[in-house]
Amino acid sequence: KELHELLRLCLEVLRNKEEASQLLPNKAGFFFGDVEYNEDYFADLKDTAEGLRSILNQDNSKANFYYSSSW
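Residues numbered from 1 in each chain as written. Predicted model: local features only at pLDDT ≥ 70, side-chain atom pairs only at ≥ 80, totals over all residues. Heavy atoms only, no water.

Trainee: Go over helix 3 (residues 39-56) with me, naming the residues and quoting the values.
Mentor: The terminal C-alpha atoms of helix 3, which comprises 18 residues, lie 25 Å apart, in line with the 26 Å expected from a rise of 1.5 Å per residue. For helix 3, the full list of buried residues reads Tyr41, Phe42, Leu45, Ala49, Leu52 and Leu56. Take helix 3 and look down its axis: the buried residues cluster within an arc of 90°, on one side only. For helix 3, the exposed residues lying more than 90 degrees away from the buried face are Glu39 and Asp40. Contacts made by the buried residues of helix 3 are with helix 1 (2-15) and helix 2 (20-23). Where helix 3 starts, the residue carrying a side-chain oxygen 3.1 Å from the main-chain nitrogen of Asp40 turns out to be Asn38. (Helix = DSSP H or I, 4+ residues; strand = E, 2+ residues; numbered from the N terminus. Expected span 1.5 Å × (residues − 1). Buried < 20%, exposed > 50% of the residue type's maximum accessible area, 1.4 Å probe, protein only. Arc of directions from axis to C-beta. Contact = heavy atoms within 4.5 Å. Polar contact = N/O pair within 3.5 Å; in protein donor to acceptor, adjacent residues only side chain to side chain.)

Rendered as structure tokens:
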């Protein structure tokens, strides 16, 4: 469910880039990197959307997904 929503948001921002700050805002801070809505931001969204499409096009009926990050 959440992965579908993330994909929807990525695609919406890629279609309407002026909505980026409202739909998928950057986070300012020492560890978070660039906070501009620039080519890198949109390239990351495109990569995320492509990865999500790949995952969601498979049979995930028995799968669990976990997110982990490290700084």
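Next comes the rest of the description.
Trainee: Which residues make up the packing of aromatic side chains, and what are the values?
Mentor: Throughout the structure, instances matching the rule amount to two aromatic pairs. For the ring pair Tyr37 and Tyr41, a centre distance of 4.9 Å and an interplane angle of 80° mean the geometry is edge-to-face. The buried category is assigned to Tyr41, whose relative accessible area is 10%. Geometrically, the ring pair formed by Tyr41 and Phe42 is edge-to-face, given 5.0 Å between the ring centres and 90° between the ring planes. In this structure, Lys17 packs its charged tip against the face of Phe42, placed 4.9 Å from the ring centre. (Phe/Tyr/Trp six-rings, centres within 6.5 Å; stacked < 30°, edge-to-face > 60°. Lys NZ or Arg CZ within 6 Å of the ring centre and 35° of its normal.)

Trainee: For the packing of helix 1 against helix 3, give the residues involved together with the corresponding values.
Mentor: Taken N-terminus to C-terminus, the directions of helix 1 and helix 3 make an angle of 140°; their axes are 9 Å apart at the nearest point. One element, helix 1, and the other, helix 3, form an angle in the oblique class. With respect to the hand of their crossing, helix 1 and helix 3 are arranged in left-handed fashion. Residues Leu3, His4, Leu6, Leu7, Cys10, Leu11, Val13 and Leu14 of helix 1 pack against Tyr41, Phe42, Leu45, Lys46, Thr48, Ala49, Leu52, Arg53, Ile55 and Leu56 of helix 3. The residue makeup of the contact of helix 1 with helix 3, split by class, is 14 nonpolar, two polar and two charged. (Axes fitted to C-alpha atoms, helices over the stretch in contact; angles between N-to-C directions. Parallel < 35°, antiparallel > 145°, perpendicular 65-115°, else oblique. Left-handed = near helix turned anticlockwise from the far one by under 90°. Nonpolar A, V, L, I, M, F, W, Y, C, P; charged D, E, K, R; others polar.)

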